[in-house]
Amino acid sequence: MDVKIENSWKQQLESEFQQSYFTNLVHFVKQEYQTHTIYPPGKLIFNAFDQCPFEKVKVVILGQDPYHEPGQAHGLCFSVNDGIPFPPSLQNIFKEIQSDLGTAIPGSGNLERWAKQGVLLLNATLTVRAHYAGSHQHKGWEQFTDAAIHRIAENKEHVAFILWGSFAQKKGEFINPDKHLILKSPHPSPLSAHRGFFGNRHFSKANEYLIATGQTPIQW
């Protein structure tokens, strides 16, 4: 199957594209796009990979589902298009960056600027039906994104994995802490941010690790 995804990721994930679960997933997703409003736009399904080639990955942030309201999702977890109001979790992420690093809250919630520096902003599920959170879970996306995380964990060294909330932590539980940095805290959602997301200092900790391992820090 010829999947339109950035070349280095295509090489890493080629064996996934040949598996029956992925064939079934593609069939399901195509049907959904034909019969419902689905986010993100089809050409942006693999945007996280396209914006951050495999060899450039130095930080991974795991999300769960794309945003499911109009104009928000564009294939990067927690990120929204320019001009879109910040969803609550993204507001809290920016508040923590401001507290941690002393930087001003940006005017745009578009996190492509992080992706281009080597931050893989990966949702576990890469598509969603409009207005229905979680509607494309358990269709095969989780197996595919698990494979991507495995490739990073096995084939790279000194990557900072940022795991917010129990879902992300479970998804990353196989990562070797002797080979990579694993940062865990509650999710930035308003439901849990005050239980330990605020004050986690994950952004400065990730940068300290990158510097200590001879890498360029992220301009958060």
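Refer to the preceding data block for the structure.
Residues numbered from 1 in each chain as written. Predicted model: local features only at pLDDT ≥ 70, side-chain atom pairs only at ≥ 80, totals over all residues. Heavy atoms only, no water.

Asker: Mind showing me how you'd approach the packing of helix α2 (residues 20-35) against helix α6 (residues 141-155) here?
Answerer: Helix packing for two helices is described by the angle between their axes and how far apart those axes are. Remark: α2 packs on α6, axes separated minimally by 9 Å, with the N-to-C direction vectors making an angle of 125 degrees. Taken as axis vectors, α2 and α6 run oblique relative to one another. At the point where α2 passes α6, the crossing takes the left-handed sense. Between α2 and α6, the contacting residues are Y21, F22, L25 and V29 on the first element and W141, Q143 and F144 on the second. Per-class residue counts for the contact of α2 with α6 are 6 nonpolar, 1 polar and no charged. (Axes fitted to C-alpha atoms, helices over the stretch in contact; angles between N-to-C directions. Helix = DSSP H or I, 4+ residues; strand = E, 2+ residues; numbered from the N terminus. Parallel < 35°, antiparallel > 145°, perpendicular 65-115°, else oblique. Left-handed = near helix turned anticlockwise from the far one by under 90°. Contact = heavy atoms within 4.5 Å. Nonpolar A, V, L, I, M, F, W, Y, C, P; charged D, E, K, R; others polar.)

Asker: What is the right way to look at the pairing of strand β3 (residues 119-123) in this model?
Answerer: When a strand is regular, its side chains alternate between the sheet's two faces. β3 sits mainly inside the fold: 5 of its 5 residues count as buried. Here β3 shows two buried faces, one formed by V119, L121 and N123 and the other by L120 and L122. For strand β2 (residues 59-63) and β3, the ladder comprises 5 bridges, and the chain directions are parallel. Each residue of the ladder has a partner; that of I61, found in β3, is L121. (Buried < 20%, exposed > 50% of the residue type's maximum accessible area, 1.4 Å probe, protein only. Pairing = 2+ DSSP bridges.)

Asker: Explain the side chain of K58 here, please?
Answerer: By the secondary structure assignment, K58 is in the loop between α3 (47-51) and β2. Buried and unpaired, K58 has E55 as its nearest opposite-charge partner, separated by 13 Å. What K58 contacts, discounting residues up to four positions off in sequence, is Q117, G118, H158, V159, A160, L210, Q215, T216 and I218. (Lys, Arg positive; Asp, Glu negative; His and termini not counted. Salt bridge = Lys/Arg side-chain N within 4 Å of Asp/Glu carboxyl O.)

Asker: How should I be thinking about the packing of aromatic side chains in this particular structure?
Answerer: Centre distance and the angle of the planes are the two values used to describe a pair of aromatic rings. This model, assessed by the stated rule, comprises 19 aromatic pairs. Taken together, a centroid distance of 6.2 Å and an interplanar angle of 90 degrees make the contact between Y21 and F22 edge-to-face. Site record: aromatic cluster; members linked through ring pairs are W9, F17, Y21, F22, F46, F49, F54, W141 and F144. (Phe/Tyr/Trp six-rings, centres within 6.5 Å; stacked < 30°, edge-to-face > 60°.)

Asker: Please clarify how the environment of P106 should be interpreted in this entry.
Answerer: Positionally, P106 belongs in the loop between α4 (88-101) and α5 (112-115). For P106 and F94, which are 12 residues apart along the polypeptide, the C-alpha to C-alpha distance reads 7.8 Å. Not counting residues up to four positions away in its chain, the partners in contact with P106 are F86, F94 and R113.

Asker: Even after reading the chapter, I still don't get the packing of helix α1 (residues 7-17) against α6, so can you show me in this structure?
Answerer: Interaxial distance between α1 and α6 falls to 10 Å at its minimum, and their mutual angle equals 130 degrees. Comparing their axes, α6 and α1 come out oblique. Along this stretch, α1 crosses α6, giving a crossing that reads as right-handed. Only Q143, F144, A147, A148, R151, I152 and N155 of α6 make contact with α1, whose side of the interface consists of W9, Q12, L13, S15, E16 and F17.

Asker: How should empty space enclosed by the protein be read in this particular structure?
Answerer: If a probe the size of a water molecule is rolled over the atoms, the empty space left behind becomes visible. Taken as a whole, this structure holds 1 cavity of 30 Å³ or more when the rule is applied. By volume, the largest cavity is sized at about 70 Å³. Around the largest cavity sit 13 residues that line it, and P66, A73, G75, L76 and N123 are the ones nearest its centre. Each residue belonging to the lining of the largest cavity can be placed in one class, and the counts come to 8 nonpolar, 5 polar and no charged. (1 Å grid on protein atoms, 1.4 Å probe; cavity = no way out; pocket = protein on both sides within 12 Å on 5 of 7 lines; lining within 4 Å. Points joined across faces, edges and corners; volume = space filled by probe spheres on them.)

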